[in-house]
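# Observations on chain architecture
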Amino acid sequence: VPGPPLDADVNCYENWPWPRRLWGLKLGQRLKDVRQKGAYLKGSDAGIRRAQLNQLGFVWTPKRGRRKRFVGEIEDFEPESCLLKDDFDV
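Residues numbered from 1 in each chain as written. Predicted model: local features only at pLDDT ≥ 70, side-chain atom pairs only at ≥ 80, totals over all residues. Heavy atoms only, no water.

### Observations concerning the overall build of the chain
What counts is decided by this rule: Each helix corresponds to a stretch of at least 4 residues labelled H or I by DSSP, and each strand to a stretch of at least 2 residues labelled E; elements are numbered beginning at the N terminus. Only protein chains enter the area calculation, which uses a 1.4 Å probe; residues under 20% of their type maximum are buried, those over 50% are exposed, and those in between are partly exposed. Residue contacts are counted whenever heavy atoms from the two residues lie within 4.5 Å of one another.
What the chain contains, in helices and strands, is 3 helices and 2 strands. Walking the chain from its N terminus toward its C terminus, one meets helices and strands in the order α-α-α-β-β. Within the chain, the proportion of its 90 residues that are buried is 20%. Summarising the internal contacts of the chain: among those between residues at least 6 apart in sequence, 28% fall at separations of at least 24.

Pasting the structure below:
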């Protein structure tokens, strides 16, 4: 999960859409672990977790190939508001 740009002002850090504890989290790797290894889907509540992911629209078998990296989509960032545009696609 990306953090705000290094040269952002203090207000940007306070308004960034992801909590600071998630900055640098390798989200793609976590998703891969869920899809390929069933990570985080074990135990007595596995069915509930799987249902929650389905309800969120989790894609269990994504299209093959790499997506553009966030850095390549920096034009979708609005520095004035420190937010991503509404049509930003992850």
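Picking up after the structure, the text goes on.
### Re the environment of Gly 3
Its location among the elements puts Gly 3 in the segment before helix H1 (10–15). The spacing of Gly 3 and Arg 20 is 17 residues in sequence and 7.4 Å in space, taken between C-alpha atoms. Look past the residues within four positions of Gly 3 in its chain and what remains in contact with it is Trp 16 and Trp 23.

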